[in-house]
Amino acid sequence: MASKLNNSRKTPCELCPLRPLPHFREFTSEELDFVSDFKKGELTVDPGAVVLLEGARSAHLYTVLTGWAFRYKMLEDGRRQILNYVMPGDLVGLQGSITGEMQHSVEALSTVTLCVFERTQLHTLFSRYPTLAYDITWIAAREERILDEHLLSIGRRTAIERAAYLLAFLAQRAKVLKMVEGRMLLPITQQHVADTLGLSIVHTNKTLKKLADRGAIVWRDRSCDVVDQEALRAISGWYGVEEKSRPFI
């Protein structure tokens, strides 16, 4: 469970594999030049490694280039609440720019590649590039909207509705980002699901079995195969969020 910083920037910003995706907005040449200078390298993180730790201070911000991770908080007795899942194009560590210390941790689900940015240049971004500053505000507002939906799910949906919503949500995001080809395999365990939904592992296991019995999913070793996204949406009462071209840094 290691991480390795590569300062050579092996993926030039102009050749970023995320830019051709219609999901993301295009940069102007001036914005691209700034982001290319803003980026100081890439960080490769192994599955299970902690990218950012709650209470720590970091000199860097990160954009996920490839892979899956999740944000979480821990209680003193070791109980964990997963807050959200992190995928390509997501900005990680912005909270530390505002509060000084991270108020949550981030752990890699799969091998993750992160674009590394120096936090000290964030002021330059806001003062000289208003469209990029707006993009960061948009990203923060989007995260708030997602957390609103997660809170609604935990507070008011039944266990099977919560599980169906979570899997439908992750499947939609992975599909838009073209992270899956053919089978919709989500790299999560039942413990991840339990820690996201606020359920015991036993209750989670029984709930996921109900979804499997309905033909919506197939649970595999450390992954979930989403077979029927429409069934998950119908069960949860959540039909997705249609996003037009979205920003990323």
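Residues numbered from 1 in each chain as written. Predicted model: local features only at pLDDT ≥ 70, side-chain atom pairs only at ≥ 80, totals over all residues. Heavy atoms only, no water.

Colleague: How would you summarise the side chain of Gln172 if you had to cite specific residues and measurements?
Modeller: Turning to its location among the elements, Gln172 is positioned in helix α5 (residues 159-176). Here Gln172 is in contact with Gln229, Arg233, Trp238, Gly240 and Val241, once residues within four sequence places are set aside. (Helix = DSSP H or I, 4+ residues; strand = E, 2+ residues; numbered from the N terminus. Contact = heavy atoms within 4.5 Å.)

Colleague: Residue-level account of the nonpolar core, with values.
Modeller: The biggest cluster of nonpolar side chains holds 62 residues, and the ones touching the most others in it are Leu167, Leu186, Leu211 and Leu232. It is α5 that contributes the most residues to this core, twelve residues altogether. Dropping the residues within four chain positions of it, Leu211 is found in contact with Ile160, Ala163, Ala164, Leu167, Ala216, Ile217, Leu232 and Ile235. Within the second largest apolar cluster, 16 residues are counted, among which are Val45, Val51, Val64 and Leu114. (Core = buried A, V, L, I, M, F, W, Y, C linked by side-chain atoms within 4.5 Å. Buried < 20%, exposed > 50% of the residue type's maximum accessible area, 1.4 Å probe, protein only.)

Colleague: Requested: an account of the pattern of salt bridges, with residues and values cited.
Modeller: This model, assessed by the stated rule, comprises 14 salt bridges. Among the salt bridges present, the one from Arg71 reaches Glu143, with a minimum N-O distance of 2.7 Å. Here Glu143 lies in helix α4 (residues 130-156) and Arg71 lies in strand β5 (residues 69-74), a separation of 72 residues in the sequence. Among the residues examined, Arg71 registers a relative accessible area of 11% and is labelled buried. Where Asp195 meets Arg80, a salt bridge forms, and the shortest distance between an N and an O atom there is 2.8 Å. Of the two residues, Asp195 is situated in helix α6 (residues 190-197) and Arg80 in strand β6 (residues 80-86); the sequence distance between them amounts to 115 residues. For Asp195, a relative accessible area of 11% translates into the label buried. (Salt bridge = Lys/Arg side-chain N within 4 Å of Asp/Glu carboxyl O.)

Colleague: Tell me about the sheet that holds strand β11 (residues 217-220), residues and numbers included.
Modeller: Taken in spatial order, the three strands of this open sheet run β10-β12-β11, and their pairing is antiparallel. Either end of the sheet is taken by a strand with one partner, and the two such strands are β10 (184-186) and β11. Between one strand axis and the next, the sheet turns by 25 degrees as a mean value, whatever way the strands run. When β11 meets strand β12 (residues 223-226), the two strands line up antiparallel, connected through four bridges. Residue pairing for β12: Ile217 is matched across the bridge by Val226. (Pairing = 2+ DSSP bridges. Axes fitted to C-alpha atoms, helices over the stretch in contact; angles between N-to-C directions.)

Colleague: Explain the packing of α5 against α6 residue by residue, including any values.
Modeller: Across the interface, α5 lies against α6 with an axial gap of 11 Å and an inter-helix angle of 115 degrees. Taken together, the axes of α5 and α6 are roughly perpendicular relative to one another. The crossing of α5 and α6 is right-handed. Across from Arg162, Ala163 and Leu166 in α5, the residues of α6 making contact are Val193, Thr196 and Leu197. The class makeup of the residues in the contact of α5 with α6 is four nonpolar, one polar and one charged. (Parallel < 35°, antiparallel > 145°, perpendicular 65-115°, else oblique. Left-handed = near helix turned anticlockwise from the far one by under 90°. Nonpolar A, V, L, I, M, F, W, Y, C, P; charged D, E, K, R; others polar.)

All quantities given are derived from atomic positions and should not be read as evidence of function.
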